[in-house]
Amino acid sequence: MQRAAERDQRDRRDQREQWARGLRRVLVCAAAVPVMLIATGCSSDSGSDDGAGDSAKASASESSASPSPTVQAVAYKALPDPCKVLTKNTLEVLAPKAKSGKKGSSDDASTRSSCSWSSLDNNGVKGSQFRWLNVSLLRFDSDVTRGSGNQLAREYYETQVEDARAVSGAKNVKSEPVTGVGDEATAVRYDLKKKEGAFKQETVVARVENVVVTLDYNGAGLAGEKTPSADDLNKLAQKAAKEAVAAVTKENGSGSAGTPSSTPSKSASKSPSKSPSGSSSKAASSSPSKSASKKS
C-alpha cells in the first residue's frame, strides 16, 4: 500500500511534469508565431527600404555629379614693391627733392601696398615749390560668393573715381578717361585751398585685370611762389600711372597692360556703389597740407 501510494505520488508528479512540459511547448510555440510574423514583416519592409536606399543613393549620385560653383581665376597673384614702381627719372621730375619713398603699412603686401614721396624745393624768401606723390596698389582675388577678381577690382575702381570727384572742399572738379593705361583709367583734377596755399590735385585711377592702381599727385607754390600748372601736373600724373601699371604686369610676368579686358568701363558715366575699402584719394587730398605745414 505504501508502494502504491508512492507510485501514485510518482504518477502525479510525472503528470505534473508532463503537463508543465506541454505548457512550456505551447508557450514557446505561441511566442514563435509573432516572431515569425515580425521577421516576415521586417523582411518585407527591408525590401522596401532597400528600394528607397537605392533611390536615395541615385539622388546623391546625381547631386554629386552636378558641377560645383566656379569663378574665373585671377590674372595677377602678386604686387610689386610700391616704392619701385616708378623709375628714378620719373621721380626726379615729379618729386625732385624727395630722398626716398615712404612705404605704407599693410597686413598683407601681396594684396595691398602703397608708397609716398614728399618734395619741398625751398627757395627762401622767393618761396617754395611743394610736391606730394602717392601710389596705392590693391589686388583682388576671385571668390565664389563675392565674384571674380576682375569684377571686384572694377567695382573698387569705380568707387575710387567717385571718391576722387567728391573730395570735400574741392573746386573746379574735372574728370576724363585716360587711354593706354591698363584696361580702364580715369583722371580727376581739382583745386584745393589750404591755409598753406592753393593746391592743384591730380588723381589717376587705373585698373589692370584684378589690380587697381591709384596715383595721387599734387603741388602748390608756397610763401608767394607761383602755383604749378594743373595741365603739367596732369600729364606727369598720367605718365607715372602708366609706369605703375606696367610694373604690376611685369611683376606677374604678363604684358596685358593697355589691352582692354572683357569687362567694359562704366566709371565715366555712372556712380558705383560704395566699397568698404577706404579711399586713397581722400587720404591724399589731406596729406599735402600736412606735409607742407611740416616742411614750410
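In this text, all values refer to a predicted model and were calculated from it rather than measured experimentally. (Residues numbered from 1 in each chain as written. Predicted model: local features only at pLDDT ≥ 70, side-chain atom pairs only at ≥ 80, totals over all residues. Heavy atoms only, no water.)

To continue, consider the overall build of the chain. A tally of helices and strands in the chain yields five helices and seven strands. Order of helices (α) and strands (β) in the chain, N terminus to C terminus: α-α-β-β-β-α-β-β-β-β-α-α. When the 296 residues of the chain are sorted by exposure, 40% land in the buried category. By sequence separation, contacts in the chain at least 24 residues apart represent 66% of the contacts at least 6 residues apart. Working note: accessible area of the chain is about 16900 Å², and carbon and sulfur atoms make up 51% of it. (Helix = DSSP H or I, 4+ residues; strand = E, 2+ residues; numbered from the N terminus. Buried < 20%, exposed > 50% of the residue type's maximum accessible area, 1.4 Å probe, protein only. Contact = heavy atoms within 4.5 Å. Areas by Shrake-Rupley, 256 points an atom, 1.4 Å probe, with all protein chains shown as cover.)

So, about the pairing of strand 4 (residues 171-177). Of all the seven residues making up strand 4, zero are buried; the element is thus mostly uncovered. Bridge count for strand 4 against strand 5 (residues 184-194) is five bridges, and the pairing is antiparallel. Residue pairing across strands places P177 opposite T186, the latter belonging to strand 5. From the end of strand 4 to the start of strand 5, which pair antiparallel, there are six residues, and G180 there has a positive phi angle of about 75°. (Pairing = 2+ DSSP bridges.)

Within strand 5, eight of the eleven residues are buried, leaving the element largely enclosed by the surrounding structure. Across eleven bridges, the pairing between strand 5 and strand 6 (residues 197-208) is antiparallel. Residue pairing across strands places R189 opposite E202, the latter belonging to strand 6. Counting the residues between successive antiparallel strands, the hairpin from strand 5 to strand 6 contains two residues.

Another point: the packing of aromatic side chains. The tally for this structure, following the rule as stated, stands at two aromatic pairs. When the ring of F130 is compared with that of F199, the centres are 6.1 Å apart and the planes differ by 80°; the resulting orientation is edge-to-face. Of the two residues, F130 sits in strand 3 (residues 128-139) while F199 sits in strand 6, which places them 69 residues apart along the sequence. Both residues of the pair, F130 and F199, count as buried. Taking the centre distance of 5.6 Å and the plane angle of 50° together, the rings of F140 and Y156 count as tilted. Of this pair, F140 sits in the loop between strand 3 and helix 3 (149-165) while Y156 sits in helix 3; the two residues are 16 residues apart in sequence, bridging distant segments of the chain. As far as the burial class goes, F140 and Y156 line up, both buried. (Phe/Tyr/Trp six-rings, centres within 6.5 Å; stacked < 30°, edge-to-face > 60°.)

Next up on the list: the side chain of T90. Here T90 shows up in helix 2 (residues 88-94). Looking at T90, its side chain comes within polar contact range of the side chain of K239, at 3.1 Å. (Polar contact = N/O pair within 3.5 Å; in protein donor to acceptor, adjacent residues only side chain to side chain.)

The full count for this structure, using the stated rule, is nine salt bridges. Between D191 and K200 there is a salt bridge, with the nearest N and O atoms lying 2.9 Å from each other. One network of salt bridges, with partners in common, ties together D183, E184 and R207. (Salt bridge = Lys/Arg side-chain N within 4 Å of Asp/Glu carboxyl O.)

The subject of this paragraph is helix 4 (residues 230-251). For helix 4, spanning 22 residues, the distance from its first C-alpha to its last is 31 Å, which sits close to the expected 32 Å at 1.5 Å a residue. Taken together, the buried positions of helix 4 are A230, L233, N234, A237, A240, A241, E243, A244, V245, A247, V248 and T249. Among the structural elements, helix 2, strand 3, strand 4, strand 5, strand 6 and strand 7 (211-222) are those in contact with the buried residues of helix 4. Where helix 4 starts, the residue carrying a side-chain oxygen 3.3 Å from the main-chain nitrogen of D231 turns out to be S229. (Expected span 1.5 Å × (residues − 1).)

Right, let's talk about the confidence of the model for the chain for a bit. For the chain, mean pLDDT is 77; residues scoring 70 or higher make up 62% of the total. Within the model, pLDDT remains below 50 along residues 26-44, and this stretch shows zero contacts once partners closer than five positions in the same chain are excluded. Scored below 50 in pLDDT, residues 255-296 shows 93 contacts in the model against residues more than four places distant or in partner chains. (pLDDT = per-residue confidence, 0-100.)

Further remarks concern the nonpolar core. Burial of nonpolar side chains together is a common tendency in soluble globular proteins. The biggest cluster of nonpolar side chains holds 32 residues, and the ones touching the most others in it are L86, W117, L133, V135, V213 and L215. Mapped onto this core, the elements with two or more residues apiece are helix 2, strand 2 (112-122), strand 3, strand 5, strand 6, strand 7 and helix 4. Among the elements that take part in this core, helix 4 stands out by supplying eight residues, more than any other. Those residues in contact with W117 that lie beyond four places of it in its chain are P82, C83, L86, L91, A95, A98, S100, G101, R131, W132, L133 and V135. Counting 21 residues, the second largest nonpolar core, distinct from the first, contains L120, V167, V188 and L222. (Core = buried A, V, L, I, M, F, W, Y, C linked by side-chain atoms within 4.5 Å.)

For the rest of this paragraph, the subject is the sheet that holds strand 5. With respect to topology, seven strands assemble into an open sheet ordered 1-2-3-7-6-5-4, the strand pairing being antiparallel. Looking at strand neighbours, the two that pair on one side only are strand 1 (102-103) and strand 4, the edges of this open sheet. Pairing analysis gives ten bridges linking strand 6 to strand 7, with the strands arranged antiparallel. If you follow F199 over to strand 7, its bridge partner there is A220. Set on the sheet, helix 3 makes contact with strand 3, strand 4, strand 5, strand 6 and strand 7; between it and strand 5 the angle comes to about 25°. Against the sheet, helix 4 touches strand 3, strand 4, strand 5, strand 6 and strand 7, its axis set at about 30° to strand 6. (Axes fitted to C-alpha atoms, helices over the stretch in contact; angles between N-to-C directions.)

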